[in-house]
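Topology and contacts: notes
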Amino acid sequence: MNAVSYSPARRRTLTLAGVATGIALVVATPLMASAHVHVDPGEVAAGSSQTLTFSSSHGCDGSPTTAFVVDIPEGVTSVAPVIDGAYSISRVLGSDGIATQVTYTALAPIEDGLKATMSMAVLFEEATANTDIAFPVTQLCEEGENAWIEVAEDGADSHDLDSPAPVVSVGELAQESSHDHDDAADQESAEGAEHTDDEHSDHADAKDASTETEPGSSLAIAALWLGIGGLAAGLAGLIVAIVRTRPSKS
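Residues numbered from 1 in each chain as written. Predicted model: local features only at pLDDT ≥ 70, side-chain atom pairs only at ≥ 80, totals over all residues. Heavy atoms only, no water.

**Details of the nonpolar core**
Core analysis: the largest hydrophobic core is formed by 29 residues, its most contacted members being Phe 54, Met 120, Phe 124 and Phe 135. Broken down by secondary-structure element, the contributors of at least two residues to this core are strand 2 (43-46), strand 3 (49-56), strand 4 (65-71), strand 5 (76-81), strand 7 (99-110), strand 8 (116-124) and strand 12 (167-173). Beyond its immediate stretch of four places on either side in the chain, Phe 124 contacts Val 44, Ala 46, Gly 47, Ser 48, Leu 52, Gly 75, Val 76, Ile 133, Phe 135, Val 168 and Val 170. (Core = buried A, V, L, I, M, F, W, Y, C linked by side-chain atoms within 4.5 Å. Buried < 20%, exposed > 50% of the residue type's maximum accessible area, 1.4 Å probe, protein only. Helix = DSSP H or I, 4+ residues; strand = E, 2+ residues; numbered from the N terminus. Contact = heavy atoms within 4.5 Å.)

Structure follows, in structure tokens:
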């Protein structure tokens, strides 16, 4: 079989085409990896109330975004969407009055490449401790839509999914995480009370000691006055004796 021969110009064209394709793949790979809806914070405590913020900076294959529809999973017992001037907000409520779905409709289409954020205050019930909670999001655009609803199975990597749903990792119960802090506060309070009791005891001892010394002080004052009186009496007797011993004039 004869080898295919290309002219120098043809070889340069093929080489440039290969380089361009390689660059496109390098650039496209991280863009594809980042092209999904994020949620922050990604870690919370069970039994706690948190404000979750969902964000996206892309459209649907370049088409501007018109709305985000967030499905509320089980284990979330309270949902309060945060008012935002960029959207009109609507909710679908369950029989218990808790939202099962929240839709953020953009007042103006959001161009591809602009970052959009949506927030809601939620409460994670205690039973969700040590689990991952997914919030499926459907992104609606002027042309097409993106359904970010895939959840990785146990042991799988969510980065391998084409359309991963935002996931929040729920940790230990909020009161358990603050238990050590409460114990430290109780110990500090007890030490403070003990210190106060010691101060009161020292003050009482000092007062008792002062009270005990008061009789001694009174006796010392009395003795001083008696000494002064005795001295005065002695001087008076001396003067009388001198007067009596002087010879009288004839």
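**With respect to the packing of aromatic side chains**
A full pass over the atoms with the stated rule returns 3 aromatic pairs. Ring geometry for Tyr 87 versus Tyr 104: centroids 5.9 Å apart, planes at 75°, classification edge-to-face. Remark: Tyr 104 occurs in strand 7 and Tyr 87 occurs in strand 6 (residues 87-93); sequence separation between them is 17 residues. A relative accessible area of 8% means that Tyr 87 is categorised as buried. By the ring-pair criterion, three or more aromatic residues cluster together here, those being Phe 54, Phe 124 and Phe 135. (Phe/Tyr/Trp six-rings, centres within 6.5 Å; stacked < 30°, edge-to-face > 60°.)

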